[in-house]
Amino acid sequence: MAASFDYEGEPATYEDVGVGQRQQQQQQQTELGYDPNFVPDSVKTFVVHLYRHIREKNVYEIHQMYEGSFQKLSDRMFKESPWPSVDAVAPYVDHDHVFRLLYREMWFRHLYARLSPTPKQRIDSWDNYCSLFQVVLHGVVNMQLPNQWLWDMVDEFVYQFQSFCQYRAKMKNKTEQEIELLRQYDQAWNVYGVLNFLQALVEKSTIIQILEREKEGLEQFTATDGYDYNGGSNVLKVLGYFSMVGLLRVHCLLGDYHTGLKCLLPIDINQSGGVYTCVIGSHISTIYHYGFANLMLRRYVEAIREFSKILIYIFKTKQYHQKSPQYEQILKKNEQMYALLAICLSLCPQGKLVAEDVNTQLREKYGEKMLRMQRYDDEAYVLYDELFSYACPKFITPSAPVYEQPLVNYNQDAYRLQLKLFLYEVKQQQLLSGVRTFLKLYSTIPLGKLATYMEVDEPTVRSILLTYKHKTHAVDSDGKIASNADVDFYIDDDMIHVVEAKSTKRYGDYFMRHILKLEEIINDMDRVKVD
Amino acid sequence: MGREREVQKHPISYTVEQLISVNPYNPDILPDLENYVNEQVSSQTYSLDANLCLLRLYQFEPERMSIQIVARILVKALMAMPAPDFSLCLFLIPERVQMEEQFKTLIVLSHYLETARFRQFWDEAAKNRSIVEVVPGFEQAIQAYAIHVLSLTYQKVPRSVLAEAINIEGLSLDKFLEHQIANAGWIIEKGHGRGQLITLPRNEFNQPELKKSTADSIPLEHVTRIFPILS
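Residues numbered from 1 in each chain as written. Chains lettered and ligands numbered in written order. Predicted model: local features only at pLDDT ≥ 70, side-chain atom pairs only at ≥ 80, totals over all residues. Heavy atoms only, no water.

**Considerations on the overall build of chain A**
- The secondary structure content of chain A amounts to 23 helices and 5 strands.
- Its C-alpha atoms give chain A a radius of gyration of 27 Å, near enough to 24 Å, the size a compact globule of 531 residues would have.
- Across its three principal directions, the C-alpha atoms of chain A cover 85 × 85 × 40 Å.
- As displayed, chain A offers around 24000 Å² of accessible surface, 52% of which is attributable to carbon and sulfur atoms. (Helix = DSSP H or I, 4+ residues; strand = E, 2+ residues; numbered from the N terminus. Rg over C-alpha atoms; globule rule 2.2 N^0.38 Å. Areas by Shrake-Rupley, 256 points an atom, 1.4 Å probe, with all protein chains shown as cover.)

In structure tokens:
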């Protein structure tokens, strides 16, 4: 099937594409002489400065080196080989334990992004995360690190977990040594371990309480972007904060959308300037998974609203990220969210919730496909399948393989299940777009007449109308009913009364905005006079 | 499975909800969660969070999965309609397990409910009493769901349509209606010569005029922004 092929060959993941080619390159590198113990001068300077800035808690400089210098050096010198080993650089940084852990974290991240990790390297990277998080959890760090770096740690931790699950599930071509290694290190990237680390970071950081206290004005977190201006460490707090996003993502990968959203609950995503928005990667990951989970829970309006907001944000700001190492990832997620938005709007045509620029882009990308998705014939299912497969998270099977059984690949199982259940939902809604079209044409219409138009009998048309009501009225976690319906109706005996939702103009907000604007202008003019 | 042992391990007797909130990712609470499913069945209570937590543990360690417990969770999830709990559970149950005969039946039942085909639902349920009747309150829960969807849709519903949806007829239906008239504000009218017509209580979904117009209201926090100007 074409769709599942697309899924397999997802270009943004580092390992699936051209593994053989990469390994060859790696081999060439070793032949050309990658010496893990050789430390070029530029690297020496880099670690010495980075170490000093970390000790001096100079967040600005750390950020510059982390985002700028590290990438530049990687591009220049380590395009196809790993950075020097940690033991080789340790003498230049007093053999500092925590710095070693941080350096290795970057070392592995670079390796995953540009080369392909060996099984042993995957396991070593897990060990390094364990040591790093243990240090943080035991509260012995007093560093201040940039939010970007802290987000990258959580993000990469979850990514490597996902990558490991995918790798492990491809059992068919595993060598005996590989299987032996997997058996021996069965705790590496164990799902309990991963979830418990994230959970421990959330709890130990008391971030949930901090956010609660902030609401009462007793503490600052959001206003300072999570930093501590009095010199305290931001590391545990901010890691705890981002771990909530990490938990949302892991639960989405497992297909547990309800629990995922619950993990994110302490973060108010409607609050402007929330800390999750201060790193673009975190902002996108949060909304992508939040929107996807809502889509799977049939809360289309919520998904549409949030996708629209983030897509307009990316639309307006993406030029500032062109040089960022995350740029490609931003564009990729941008495209995926357009696909998800196209799905949401096909199931729940509430175009008026979408910002204008986003709508234009959407029509360009998916206008024609969306028209065909309305038809609910076989071709429409192929399109739902295609868009879902392209845009869904890379689902995982978290359990270890049964080594005694014949070795088969099971890396696609989780994805196939989610896709199947999603298409099942689409199928249940297949008659709704037809009924919607008819309802839009009338203010009242007898049931019998509608049945004739739809070429079904009366009991069937009653069922379809009830289904429409059921599917367009989502129930949230408190049991409250929210209508997602664009066209609504009620039945009085045998007569259907149609109520089209009028798009009411929001005068209130409009006036408020202009009162503020006027005040600003008057203030500006006052200043001019003084000059 | 050493369930007894497990129970005695917590002499201070935490409630299951507490166990989950202390550590939801702990394989040791699996037996407690299984017992809790049985307790939900016998005491006619329900906890989606606890059941999802258990399905998650099964997902992590498939060899510990109990088919019987999963079946009970799924029946309970059906009873939670119109909430999407049944799908939420299916998302976590491996496909090969879903192929088991009783799960296939439950999936068909869920499909009939999701597409409001009540006649087919009750027929199918009657053929599978062994699966659904082990859970007390099943019928009432589905009837409540049927009434929920009818109330979203109808201002006035013909008696026959109601009868089919809740699977009650004749004298029993008269009794049921009497009860609803006394307790839920239902009203019976004479239809146009074709039997009774039942007026369901009005709500914002079957009477859109009741919907509060949120469009005209401004949240307080937006108003606070102009306070400095007003003073």
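**A short note on the overall build of chain B**
- Within chain B, the regular secondary structure consists of 15 helices and 3 strands.
- Across the 231 residues in chain B, those meeting the buried criterion constitute 52%.
- Pairs at least 24 apart in sequence give 55% of the contacts found in chain B among residues at least 6 apart.
- On chain B, roughly 11200 Å² of surface is accessible, and the fraction owed to carbon and sulfur atoms is 53%. (Buried < 20%, exposed > 50% of the residue type's maximum accessible area, 1.4 Å probe, protein only. Contact = heavy atoms within 4.5 Å.)

**Brief notes about the pattern of salt bridges**
- Overall, the coordinates contain 37 salt bridges over all chains when judged by the stated rule.
- Where E56 of chain A meets R52 of chain A, a salt bridge forms, and the shortest distance between an N and an O atom there is 3.7 Å.
- For R52 of chain A, a relative accessible area of 41% translates into the label partly exposed.
- Its salt-bridge partner being R64 of chain B, residue E61 of chain B comes within 3.3 Å of it at the nearest N-O pair.
- By relative accessible area, which is 17% here, E61 of chain B ends up buried.
- What emerges from the salt-bridge pattern is a single network uniting R298, E425 and K471 of chain A together with E114 of chain B. (Salt bridge = Lys/Arg side-chain N within 4 Å of Asp/Glu carboxyl O.)

**Structural notes on the state of the cysteines**
Residues and elements named next belong to chain A.
- Counting across every chain of the model gives 0 disulfides over all chains.
- There is no disulfide at C344, and the cysteine sulfur nearest it, in C348, is 7.9 Å away.
- On the basis of relative accessibility, which here comes to 0%, the residue C344 falls in the buried class.
- Looking at the unpaired C392, the closest cysteine sulfur is the one in C252, lying at 11 Å. (Disulfide = S-S within 2.5 Å.)

**Topic: unusual backbone geometry**
All names here are of chain B.
- Geometrically, the link from M81 to P82 is a cis peptide bond, its omega value of 10° lying close to zero.
- With a phi close to 55°, Q44 is a non-glycine residue in the positive phi region.
- Looking at the secondary structure, you find Q44 in the loop between α3 (30-43) and α4 (48-60).

**Some points on a nonpolar patch on the surface**
Residue and element names in this part refer to chain A.
- On the surface, a cluster of nonpolar side chains totalling about 300 Å² of accessible area is made up of Y510, F511 and I515.
- Within the secondary structure layout, Y510 lies in helix α23 (residues 507-530).
- The partly exposed category is assigned to Y510, whose relative accessible area is 43%. (Patch = residues over 30% accessible without salt bridge, like charges linked within 9 Å, V, L, I, M, F, W, Y side chains within 5 Å.)

**Quick look at empty space enclosed by the protein**
- All chains considered together, the criterion is met by 5 cavities of 30 Å³ or more.
- One number sums up the size of the largest cavity: a volume of about 230 Å³.
- If you go around the largest cavity, you meet 16 residues; those closest to its centre are L421, Y424 and E425 of chain A together with S87 and F91 of chain B.
- Put simply, the parts of the chain that give the lining of the largest cavity at least two residues each are α14 (280-296) and α19 (413-428) of chain A together with α6 (85-90) and α8 (101-114) of chain B.
- The biggest single contributor to the lining of the largest cavity is α19 of chain A, with 5 residues. (1 Å grid on protein atoms, 1.4 Å probe; cavity = no way out; pocket = protein on both sides within 12 Å on 5 of 7 lines; lining within 4 Å. Points joined across faces, edges and corners; volume = space filled by probe spheres on them.)

**Digging into the interface of chain B and chain A**
- Contacts between chain B and chain A engage 63 residues on the former and 55 residues on the latter.
- Taken together, both faces of the contact between chain B and chain A bury some 5300 Å²; the carbon and sulfur share is 61%.
- The largest contributions to the chain B side of the interface with chain A come from Y25, F60 and F91 of chain B, which together make up 16% of the buried area.
- Counting across the chain B and chain A interface gives 5 salt bridges.
- Taking the shortest distance from any N to any O, the salt bridge between R56 of chain B and D256 of chain A comes out at 2.9 Å.
- Counting the contacts that link chain B with chain A gives 22 residue pairs in polar contact (both at pLDDT 80 or more).
- Residue assignment for the side of chain B that touches chain A shows that the elements contributing at least two residues are α2 (16-22), α4, α6, α7 (95-98), α8, α11 (138-153), β1 (154-158) and α14 (220-224) of chain B.
- With 7 residues, α4 of chain B is the single largest residue contributor to the side of chain B that touches chain A. (Buried area = accessible area lost by both parts, 1.4 Å probe. Polar contact = N/O pair within 3.5 Å; in protein donor to acceptor, adjacent residues only side chain to side chain.)

**As for helix α7 (residues 119-137) of chain A**
- Helix length check: α7 of chain A (19 residues) gives 27 Å between terminal C-alpha atoms against 27 Å at 1.5 Å per residue, within 8%.
- With 14 of 19 residues buried, α7 of chain A lies mostly within the body of the structure. (Expected span 1.5 Å × (residues − 1).)

**Here's the deal with the pairing of β1 of chain B**
- With 4 of 5 residues buried, β1 of chain B is to be regarded as a mostly interior element.
- The sheet contact formed by strand β4 (residues 487-492) of chain A and β1 of chain B spans 2 bridges and is parallel. Bridging across to β1 of chain B, D492 of chain A finds its partner in K156 of chain B.
- Where β1 of chain B lies against strand β3 (residues 196-199) of chain B, 3 bridges are found, and the strand directions are antiparallel. (Pairing = 2+ DSSP bridges.)

**Some words on the nonpolar core**
- Residues L145, W149, Y241, I343, F422 and I496 of chain A are the most contacted members of the largest nonpolar core, which totals 243 residues.
- There are two domains that each give this core at least three residues, and those are domain 1 (1-136) and domain 2 (154-211) of chain B.
- In contact with L145 of chain A, not counting residues within four places along its chain, are I54, V59, I62, L102, L150, M153, Y227, N234 and V235 of chain A. (Core = buried A, V, L, I, M, F, W, Y, C linked by side-chain atoms within 4.5 Å. Domains from an automatic or database assignment.)

**Points about the packing of α11 of chain B against helix α12 (residues 159-166) of chain B**
All names here are of chain B.
- Between α11 and α12, whose axes approach to 9 Å, the crossing angle comes to 145°. Of the residues in α12, those in contact with Q143, A146, I147 and L150 of α11 are V161, L162, A165 and I166.
- Taken together, the residues that form the contact of α11 with α12 break down as 7 nonpolar, 1 polar and no charged. (Axes fitted to C-alpha atoms, helices over the stretch in contact; angles between N-to-C directions. Nonpolar A, V, L, I, M, F, W, Y, C, P; charged D, E, K, R; others polar.)

**Brief notes about the packing of aromatic side chains**
- Going through the model one piece at a time under the given rule, you end up with 36 aromatic pairs over all chains.
- When the ring of W126 of chain A is compared with that of F197 of chain A, the centres are 6.0 Å apart and the planes differ by 70°; the resulting orientation is edge-to-face. With a gap of 71 residues between them, W126 of chain A in helix α7 and F197 of chain A in helix α10 (residues 191-204) connect regions that are remote in the sequence.
- Taken together, the aromatic side chains of Y257, F292, Y384, F388, F395 and F422 of chain A together with F91 of chain B make up a single cluster linked through ring pairs.
- Above the face of the Y167 of chain A ring, K174 of chain A is positioned so that its terminal group lies 4.0 Å from the ring centre.
- Over the face of the ring belonging to Y288 of chain A we find K333 of chain A, whose NZ or CZ atom lies 4.3 Å from the ring centre. (Phe/Tyr/Trp six-rings, centres within 6.5 Å; stacked < 30°, edge-to-face > 60°. Lys NZ or Arg CZ within 6 Å of the ring centre and 35° of its normal.)

**Considerations on the packing of α10 of chain A against helix α12 (residues 235-254) of chain A**
Residues and elements named next belong to chain A.
- Their axes nearest at 7 Å, the elements α10 and α12 cross at an angle of 140°. Here α10 is positioned oblique relative to α12, judged by the angle of their axes. Once α10 is placed against α12, the crossing between them reads as left-handed. Facing L195, L198, Q199, L201, V202 and K204 of α10, the residues of α12 in contact are L236, L239, G240, S243, M244, G246, L247, V250 and H251.
- In terms of residue class, the contact of α10 with α12 is made up of 9 nonpolar, 5 polar and 1 charged. (Parallel < 35°, antiparallel > 145°, perpendicular 65-115°, else oblique. Left-handed = near helix turned anticlockwise from the far one by under 90°.)

**Some points on the side chain of S110 of chain B**
All names here are of chain B.
- With respect to the secondary-structure elements, S110 resides in helix α8.
- Given a relative accessible area of 6%, S110 falls into the buried group.
- When near neighbours in sequence (up to four residues on either side) are disregarded, S110 contacts L78 and F86.

**Let's talk about the confidence of the model for chain A**
Residues and elements named next belong to chain A.
- For chain A, the mean per-residue pLDDT works out to 85, and 91% of the residues sit at or above 70.
- Within chain A, the lowest mean pLDDT, 36, falls on helix α1 (residues 2-8), and the highest, 94, falls on α14.
- Low pLDDT (under 50) marks residues 1-20, which in the prediction has 41 contacts with non-local residues, meaning those over four places away or in another chain.
- Within the model, the stretch residues 24-29 combines pLDDT values under 50 with 5 contacts to residues more than four positions away or in other chains. (pLDDT = per-residue confidence, 0-100.)

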